Amino acid sequence: MFYNAIRYGMTYQDQGAAAYDERHRQRVLSNLQRRAKTLGYALAPMPGEWAVS
């Protein structure tokens, strides 16, 4: 990111904490799905009232 900003004159735009948290959540979810698949399981979404944040 730093290299591209210097090399091509691009400006850095901070996406904010919410964007970082969402990317982190998606990364954790995909890792859990991959690990479950290797163990022979499949993850299923829970209803809203059962979900814990």
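Peer 1: Is there a simple way to think about the overall build of the protein in this case?
Peer 2: Assigned secondary structure in the protein consists of two helices and zero strands. Taken over the C-alpha trace, the protein has a radius of gyration of 17 Å; the compact-globule value for 53 residues is 10 Å, which it surpasses by more than 25%. Scored against the burial criterion, the 53 residues of the protein give a buried share of 2%. Surface summary for the protein: the accessible area is close to 5,500 Å², and the carbon and sulfur share equals 58%.

Peer 1: Explain the environment of Gln-13 to me, please; I cannot follow it from the model alone.
Peer 2: You can see Gln-13 is positioned in the loop between α1 (2-8) and α2 (17-38). For the pair formed by Gln-13 and Gln-33, sequence separation is 20 residues and the distance between their alpha carbons is 31 Å.

Peer 1: What is the right way to read a nonpolar patch on the surface from this model?
Peer 2: Taken together, the side chains of Val-28, Leu-29, Leu-32 and Leu-43 make up a nonpolar region of the molecular surface, amounting to roughly 310 Å² of accessible area. Counting through the fold element by element, Val-28 comes out in helix α2. Classification of Val-28 by relative accessible area gives partly exposed; the value is 36%.

Peer 1: Can you walk me through α2 in this structure?
Peer 2: Because the α-helix completes a turn every 3.6 residues, residues three or four places apart line up on one side. The terminal C-alpha atoms of α2, which comprises 22 residues, lie 32 Å apart, in line with the 32 Å expected from a rise of 1.5 Å per residue. After α2 finishes, the residue Gly-40 shows a positive phi value of roughly 90°.

What counts and what doesn't
Residues numbered from 1 in each chain as written. Predicted model: local features only at pLDDT ≥ 70, side-chain atom pairs only at ≥ 80, totals over all residues. Heavy atoms only, no water. Helix = DSSP H or I, 4+ residues; strand = E, 2+ residues; numbered from the N terminus. Rg over C-alpha atoms; globule rule 2.2 N^0.38 Å. Buried < 20%, exposed > 50% of the residue type's maximum accessible area, 1.4 Å probe, protein only. Areas by Shrake-Rupley, 256 points an atom, 1.4 Å probe, with all protein chains shown as cover. Patch = residues over 30% accessible without salt bridge, like charges linked within 9 Å, V, L, I, M, F, W, Y side chains within 5 Å. Salt bridge = Lys/Arg side-chain N within 4 Å of Asp/Glu carboxyl O. Expected span 1.5 Å × (residues − 1).

Honestly, it's all geometry; don't read function into it.
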